[in-house]
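Structural overview
Listed here are the chains, written in short residue letters.
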Amino acid sequence: MEEVKTLSNEVDIRKKKIEDLKAMGEIPYKSKYDCTCTIAEAREKVGEKVRVAGRMVFRRVMGKFGFMQIRNIESKIQVSVGRNELDEQAYDFYKKMIDLGDFVGVEGEVYLTQTGEVTVKAEKVTLLSKAMRPLPEKFHGLTDTESRYRQRYLDIISNEQARQVFLSRSKICSMIRRTLEDNGFLEVETPILQTNISGASAKPFFTKHNALDLECNLRIAFETWLKMCSAAGFDRVFELGKDFRNEGMDFQHLQEFTQVEWYAAYWDFEDNIVFFKNLIRKLLLNTIGTTKVVYQGKELDFGAEKWERINYAERMREILGFDYLDIEDLDEFKKKVVEKGLFTYEDLEECKCVRTLIDFIYKRKIRVNIVGPTILYNYPAVLKTLARRNDKDRRVVDVFQVVACGVEMCNAYSELIDPIVQRKALEDQQLEKAQGDDETMDVDEDFLLAMEHGMPPMSGLGFGIDRFLMFLYDLPNIRDTVLFPIMK
């Protein structure tokens with residue numbers, strides 16, 4: 001209660017200052033300020049005069065002289081304020097009417113203090129915007145997790161790691177775009193509002209298009225639309241944006257998430273492995289300066305020349321102890337799993353079809369044990385409806401995923417371009433839906449029509465930006481990578 005009372009008093013004090021400023025003829029919320037450079041640029045202009053602006057986050061006044069610090073998300077700079085440069089009235093205004101959290105403009109020469117600190121010697125300090133509420137206490141910041149998510153702006157002001165995470169997020173998205181464009185990829189935009197559940201096995205969000213009186217769903221993946229772009233002649237195409245999946249929430253899943261998908265005509269999935277590994281190394285080197293990261297107490301080396309490879313189909317066969325690829329009956333499959341002593345019937349209750357049963361076993365017997373960056377390949381065909389069947393064994397598909405510390409980083413295929421096989425695979429998903437699986441795709445006739453007109457051989461890859469940031473900064477929860485995660 002004392003904290004609430006103190007905050008209330010502080011707000012009242014600042015409100016009174018706003019009233020006093022107006023009475024003085026001072027505008028507490030200016031319309032603009034003409035900066036000559038950014039804060040980061042000002043740090044490189046020792047000996048030059050600058051006009052720079054930012055939020056005051058620290059101040060120490062020692063009689064007729066003192067220091068303050070202004071910052072934005074990218075940088076900070078010290079400002080010296082004293083009576084030698086400001087007249088008595090201006091200095092008195094600075095001390096009494098400007099508070100921590102206010103946005104200020106500073107004009108003066110940049111110099112180095114005796115300790116080597118880059119500092120602006122203020123010849124003029126201008127109040128630009130009055131903060132009515134105080135900032136979080138400097139050394140503790142926002143310690144409550146819910147407050148950090150709801151008031152992310154305060155988290156970023158007071159938390160250096162939060163600043164680095166969101167600076168890196170912006171840089172990573174920019175680097176991905178530039179790298180893809182430098183390799184001949186064109187960026188496109190595909191619909192978020194859709195009339196087919198397509199592109200991935202996931203539960204969608206539904207909405208209503210009133211003007212067309214049409215039931216719609218939000219996009220769960222870019223895939224089918226980007227493949228239609230390939231049919232149109234976009235040999236290399238990508239999209240970076242939001243997808244939406246109305247599924248469970250945990251430390252590595254969000255219902256609204258950011259990913260990039262790209263498709264390259266005439267590549268197979270082995271080409272995508274090489275491209276992805278090079279991209280990851282580039283992103284790491286250009287953000288944190290090394291290809292080695294520590295995530296949840298484990299060191300991961302993404303710069304290793306060879307990453308471990310696991311044949312998914314074979315590893316599952318070793319775990320199960322029987323050839324499972326030809327089993328289509330769910331009850332028969334469950335019976336064999338229970339007899340093997342791997343799980344109980346109660347454990348498997350949530351598995352509504354063979355596809356979800358295989359995925360259930362994989363996540364608990366294979367994925368959870370993976371630490372270093374690992375390439376899993378050769379997936380059972382039933383798991384990947386849109387992937388190309390292997391030429392030697394049609395029961396498996398030419399797919400790979402990269403997993404590290406039990407977290408899936410990307411999903412990639414040699415793409416299925418045979419319209420007959422594709423139609424059969426989508427129709428099989430309708431049988432799974434009838435069995436109670438609510439994460440199935442529709443039979444997308446528009447997509448099938450495009451495939452019937454012909455698509456080139458190609459490989460595509462989807463890469464989640466949010467999860468990648470978890471690895472970069474050893475973040476325990478994916479919501480720590482999102483500026484404004486949804487809150488209840």
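Figured I'd write up the structure that's included with this text. (Residues numbered from 1 in each chain as written. Predicted model: local features only at pLDDT ≥ 70, side-chain atom pairs only at ≥ 80, totals over all residues. Heavy atoms only, no water.)

1. Some details on the overall build of the protein
Let me state the cut-off plainly: For helices the rule is a DSSP run of H or I covering at least 4 residues; for strands it is a run of E covering at least 2, with both sets numbered from the N terminus onward. In what follows, a contact means two residues having at least one pair of non-hydrogen atoms within 4.5 Å. Exposure was quantified through the Shrake-Rupley algorithm and a 1.4 Å probe, taking into account, for residues, occlusion by the shown protein chains and nothing else.
Scanning the protein for helices and strands turns up 14 helices and 18 strands. The principal-axis extent of the C-alpha atoms belonging to the protein is close to 90 × 55 × 50 Å. By sequence separation, contacts in the protein at least 24 residues apart represent 64% of the contacts at least 6 residues apart. Accessible surface for the protein amounts to roughly 24,100 Å². Of this, 49% is attributable to carbon and sulfur atoms.

2. A closer look at the sheet that holds strand 17 (residues 407-414)
Pairing between the strands of a sheet comes from backbone hydrogen bonds, and it takes one of two forms, parallel or antiparallel. Our working rule: Pairing between two strands is assigned when DSSP locates at least 2 bridges connecting them. What counts as an axis is a line fitted to C-alpha atoms, over the stretch in contact for a helix, and the angles between N-to-C directions run from 0 to 180 degrees.
Read across the open sheet, the 8 strands follow the order 6-10-11-18-17-16-15-14; overall the sheet is mixed. The open sheet has two free edges, formed respectively by strand 6 (186-187) and strand 14 (308-311), since each of these has just one partner strand. Taken together, the 6 bridges between strand 16 (residues 396-404) and strand 17 define a ladder with antiparallel strand orientation. Following the sheet pairing, glutamine 401 is matched in strand 17 by asparagine 411. Relative to strand 18 (residues 458-464), helix 8 (residues 269-287) is tilted by about 30°, and along the sheet it contacts strand 11 (256-265), strand 14, strand 15 (374-380), strand 16, strand 17 and strand 18. Set on the sheet, helix 11 (residues 354-365) makes contact with strand 15, strand 16 and strand 17; between it and strand 15 the angle comes to about 155°.

3. Describing the packing of aromatic side chains
Operational definition: Only Phe, Tyr and Trp rings are paired, with Trp represented by its six-membered ring, and only when their centres lie within 6.5 Å; those with planes under 30 degrees apart are stacked, over 60 edge-to-face, the remainder tilted. Relative accessibility decides the category of a residue: with a 1.4 Å probe and only protein chains considered, values under 20% of the type maximum give buried, values over 50% give exposed, and everything between is partly exposed. Over a ring means this: the NZ of a Lys or the CZ of an Arg is within 6 Å of the ring centre and within 35 degrees of the ring normal.
In total, this model carries 17 aromatic pairs according to the counting rule given. Taking the centre distance of 5.5 Å and the plane angle of 75° together, the rings of tryptophan 262 and phenylalanine 275 count as edge-to-face. You can see tryptophan 262 sitting in strand 11 and its partner phenylalanine 275 sitting in helix 8, a full 13 residues away along the chain. The exposure classification of tryptophan 262 matches that of phenylalanine 275, with both residues buried. Members of the aromatic cluster, joined through ring pairs, are Phe185, Trp262, Trp267 and Phe275. The residue whose ring lies beneath arginine 51 is tyrosine 33, and the NZ or CZ to ring-centre distance is 4.4 Å. Directly above the aromatic system of phenylalanine 322 lies the positively charged group of lysine 336, at a separation of 5.4 Å from the ring centroid.

4. Regarding a nonpolar patch on the surface
Under the convention used in this document: Patch construction takes residues with relative accessible area above 30% that form no salt bridge. Like charges are linked within 9 Å, and nonpolar side chains (Val, Leu, Ile, Met, Phe, Trp, Tyr) are linked within 5 Å. Salt bridges are defined by distance alone: a side-chain nitrogen of Lys or Arg within 4 Å of a carboxyl oxygen of Asp or Glu.
On the surface, a nonpolar cluster with roughly 330 Å² of combined accessible area is contributed by Tyr153, Leu483 and Phe484. In this fold, leucine 483 is placed in the segment after helix 14 (465-473). Owing to a relative accessible area of 35%, leucine 483 belongs among the partly exposed residues under this scheme.

5. Brief notes about the side chain of threonine 481
Heads up, the condition is: Under this definition, polar contacts are N or O atom pairs within 3.5 Å; protein pairs additionally need one hydrogen-donor-capable and one acceptor-capable atom, and for neighbouring residues in sequence, both atoms have to be side-chain atoms.
One can find threonine 481 in the segment after helix 14. A polar contact is formed between the side chain of threonine 481 and the backbone oxygen of isoleucine 478, at a distance of 2.7 Å. In this structure threonine 481 touches Val165, Phe166, Arg169, Asp466, Leu469, Met470 and Leu475, once residues within four positions along its chain are discounted.

6. Notes on the pairing of strand 12 (residues 292-295)
The side chains of a regular strand alternate between the sheet's two faces. Of the two faces of strand 12, only the one carrying Val293 and Tyr295 is buried; Lys292 and Val294 on the other face are not. With 4 bridges joining them, strand 12 and strand 13 (residues 298-301) adopt antiparallel strand pairing. Counterpart to tyrosine 295 in the pairing with strand 13 is lysine 298.

7. Overview of the pattern of salt bridges
Considering all chains together, one arrives at 41 salt bridges under this definition. The residue aspartate 92 makes a salt bridge to lysine 96 at a minimum N-O spacing of 3.3 Å. Here aspartate 92 and its partner lysine 96 are both found in helix 3 (residues 88-97), 4 residues apart, which amounts to about one turn of the helix. It is possible to trace a salt-bridge network through shared partners that takes in Glu314, Arg317, Asp323, Asp326, Asp393 and Arg395.

8. Observations regarding the packing of helix 10 (residues 330-339) against helix 11
The condition that has to hold: Should an angle fall under 35 degrees it is taken as roughly parallel, and over 145 as roughly antiparallel, whereas 65 to 115 is taken as roughly perpendicular and any remaining angle as oblique. Rotating anticlockwise by less than a right angle from the far helix to the near helix defines a left-handed crossing, while the corresponding clockwise rotation defines a right-handed one. In this classification, Asp, Glu, Lys and Arg are treated as charged, Ala, Val, Leu, Ile, Met, Phe, Trp, Tyr, Cys and Pro as nonpolar, and every other residue, Gly included, as polar.
In contact at an axis separation of 9 Å, helix 10 and helix 11 are set at 25° when each is read in the N-to-C sense. Looking at the two axes, helix 10 sits roughly parallel to helix 11. Crossing angle aside, the handedness with which helix 10 passes helix 11 is left-handed. Of the residues in helix 11, those in contact with Leu330, Phe333, Lys334 and Val337 of helix 10 are Val354, Leu357, Ile358 and Ile361. Grouping the amino acids of the contact of helix 10 with helix 11 by side-chain chemistry returns 7 nonpolar, no polar and 1 charged.

9. Some words on the state of the cysteines
This is how it is decided: A pair of sulfur atoms, both from cysteines and within 2.5 Å, is called a disulfide here.
One pass over the structure, following the stated rule, counts 0 disulfides. Cysteine 173 forms no disulfide, and the closest cysteine sulfur to it belongs to cysteine 410, at a distance of 16 Å. Note on cysteine 229: no disulfide assigned, nearest cysteine sulfur contributed by cysteine 216 at a separation of 19 Å.

10. Some points on the nonpolar core
What counts here: Note on terminology: a nonpolar core comprises buried Ala, Val, Leu, Ile, Met, Phe, Trp, Tyr and Cys residues joined through side-chain atoms within 4.5 Å.
Counting 51 residues, the largest nonpolar core has Trp262 and Phe463 as its most contacted members. The residues touching phenylalanine 463, leaving out its near neighbours within four places in the chain, are Ile176, Thr258, Gln259, Val260, Phe276, Ile280, Leu283, Met409, Cys410 and Phe468. The next biggest cluster of nonpolar side chains, apart from the first, holds 50 residues, and it includes Tyr263, Ile310, Tyr324 and Leu330.

11. Comments concerning the sheet that holds strand 1 (residues 49-62)
With mixed pairing, the 5 strands of this closed barrel are ordered in space as 1-2-3-5-4. Taken pair by pair, the neighbouring strands of this sheet meet at an average axis angle of 55°, ignoring direction. Direction of pairing for strand 1 relative to strand 2 (residues 65-71): antiparallel, over a ladder of 7 bridges. Bridging from a neighbouring strand, phenylalanine 58 pairs with glutamine 69 of strand 2.

12. Examining helix 6 (residues 160-182)
Quick reminder of the rule: Expected span of a helix, by definition, is 1.5 Å for each gap between consecutive residues, and there is one gap fewer than residues.
Across its 23 residues, helix 6 extends 32 Å between first and last C-alpha, which sits within 8% of the 33 Å expected from 1.5 Å per residue. Of the residues that open helix 6, the one with a side-chain oxygen 2.9 Å from the backbone nitrogen of glutamine 161 is asparagine 159.

13. A closer look at the environment of leucine 357
Summarising the element assignment, leucine 357 is placed in helix 11. As a C-alpha pair, leucine 357 and phenylalanine 333 span 24 residues in sequence and 8.4 Å in three-dimensional space. What leucine 357 contacts, discounting residues up to four positions off in sequence, is Leu330, Phe333, Lys334, Leu348 and Cys351.

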